[in-house]
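An overview of the molecular structure
So the chains spell out like this:
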Amino acid sequence: MTTTTRSLVVLGAGTAGTMVVNKLRHRLPTTEWRITVVDRDDAHDYQPGYLFLPFGLIEPDQVRRSRHALITEGVELVLGDVDRVDPTAREVSLLDGRTLRYDELVIATGTTPRPDQTPGMLGPEWHRSVGEFYTYEGALALRESLAAFSGGRLVVHVTEMPIKCPVAPLEFTFLADDFLGRRGLRDRTEIVFVTPLDGAFTKPVASRELGHLLADKRITVETDFLVEHVDQERRVLVSYDEREVPYDQLVTVPLNMGADFVARSGLGDELNYVPVDKHTSQSTEHPSIFVLGDASNIPTSKAGSVAHFSVEVFAENFVEHARGQAMTHSFDGHANCFVESGGGKAMLLDFNYDTEPLTGTFPLPRLGPMTLLKESRANHLGKLAFRHLYWNLLLPGRPLGLPAQMSMAGKVPAAVSA
């Protein structure tokens, strides 16, 4: 009796894609499943490190590693750009003409900043007086710009939601306040946080707490600002309702979009995110396609913790799915995010689809050691330690000891914390 080998192809070898192939290679028999992962290059970046690069708090070699070194034995890594997916033929076409057939497909190609989508954002001052820290190159360029900054108007700007790691622009603002203070430039600098939202964050309780921090640090907030174009010559942001925000140094978060092949394949929405069942990550249109990490349209943060928790659930489901069984595990939208607030402190948010960030302690009631929605040194140390956990536990697919489902243990109900 011969066993037919089935093919699992994973597009994207970032956080979600690397975790998936490493976990499933140990769960799926090699005699039954061939696993292939595709990415455009061999550079895997620890993206939370981008936040620290502009301030010299981390070195470039601590952010980047080879993908080959992170992929477990028995998984084929293919380097190339995806042209399109044909879900009917179950084929992935690469731009160089190669074709990969699949029985099951995972799309984990993330989301990327698209400055080309905002008139005037790209131009001669891009990565100079108009900076960004959502790419490796941008974070390094911003490091040079901030080193030369001597005071003036520093504007931190979010183009539109959703974005990768929605708290990162706030973290950058807090770290900039601390950075300028240490250099004796804070009193010579006006910091402005410009957002399309009506508050500091997307969740009400968190927005209130983070809003207090901004006010305490003398940071001006410009809300409901939908940018129409950037005037690099005059150094101003211009909104659709014709408001203007001048800057000396702009740090912008461009529109984030999913991969272009998603649009070419007819698989996504207007921002190239693929619609899925938010509990199973299965495509709503094509049962043989699953979407993980930032590439899907699930209504929670596009953050590494979501990739982590959803992959934990997906791996259990996929093993059942591979056996022809019903998928019995459900992802609840669990996310937790450290929020650097400067001065060697940070906050922590923990929430899911149905429960917004609350106050309390994490992961243990009363003992913590981390506090929710409150600044602490322990939270800051937790964020710094996560880089080592990321390389050595998370990506290899080893357990971190945190449940994929959000727990209410240690949390103070909203009515009490309000």
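Everything that follows concerns the structure shown earlier in this document.
Residues numbered from 1 in each chain as written. Predicted model: local features only at pLDDT ≥ 70, side-chain atom pairs only at ≥ 80, totals over all residues. Heavy atoms only, no water.

Examining the sheet that holds strand β7 (residues 91-94)
One key point about sheets: their strands pair by backbone hydrogen bonds, in either a parallel or an antiparallel sense. Note the threshold: The pairing criterion is simple: DSSP has to find at least two bridges between the two strands. Put simply, DSSP marks the helices as runs of H or I at least four residues long and the strands as runs of E at least two long, and each gets a number from the N terminus on. All axes are obtained by fitting lines to C-alpha atoms, using only the stretch in contact for helices, and the reported angles, taken between N-to-C directions, cover 0 to 180 degrees.
The strand order β6-β7-β8 describes an open sheet built from three strands, whose pairing is antiparallel. On the outer flanks of this sheet lie β6 (82-86) and β8 (99-101), each paired with one strand and no other. Between one strand axis and the next, the sheet turns by 20° as a mean value, whatever way the strands run. Here β6 pairs with β7 via four bridges, running antiparallel. Within β7, the residue paired with Val82 across the bridge is Leu94.

Here we look at the side chain of Ser376
Our working definition: Each residue gets one of three labels from its accessible area relative to the maximum for its type: buried under 20%, exposed over 50%, partly exposed in between, using a 1.4 Å probe on protein chains only. For this analysis, a polar contact is any N or O atom pair within 3.5 Å, provided that within protein one partner can donate a hydrogen and the other can accept it, and provided that sequence-adjacent residues contribute only side-chain to side-chain pairs. Working rule for contacts: check all heavy atoms of both residues, and any pair within 4.5 Å makes them a contact.
For Ser376, the position within the fold is in the loop between β24 (368-372) and α7 (377-394). Ser376 gets classed as buried once you look at its relative accessible area, which sits at 13%. Within the structure, the side chain of Ser376 is placed 3.5 Å from the side chain of Thr371, a separation counted as a polar contact. Not counting residues up to four positions away in its chain, the partners in contact with Ser376 are Gly344, Lys345, Ala346 and Thr371.

Regarding the packing of helix α1 (residues 15-25) against helix α6 (residues 304-322)
Note the following rule: Helix crossings get a hand from a simple test, with the near helix turned counterclockwise from the far one by less than a right angle marking a left-handed crossing and a clockwise turn marking a right-handed one. Residue polarity is assigned by list, with Asp, Glu, Lys and Arg as charged and Ala, Val, Leu, Ile, Met, Phe, Trp, Tyr, Cys and Pro as nonpolar; anything else, Gly included, falls into the polar class.
It is the contact of α1 with α6, at a shortest axis distance of 10 Å, that shows an interaxial angle of 35°. Crossing handedness for the pair α1 and α6: right-handed. Two secondary-structure elements touch here, α1 through Thr15, Ala16, Met19, Val20, Lys23 and Leu24 and α6 through Ala307, His308, Val311, Glu312, Phe314, Ala315, Phe318 and Val319. Within the contact of α1 with α6, the residues separate by chemical class into 10 nonpolar, two polar and two charged.

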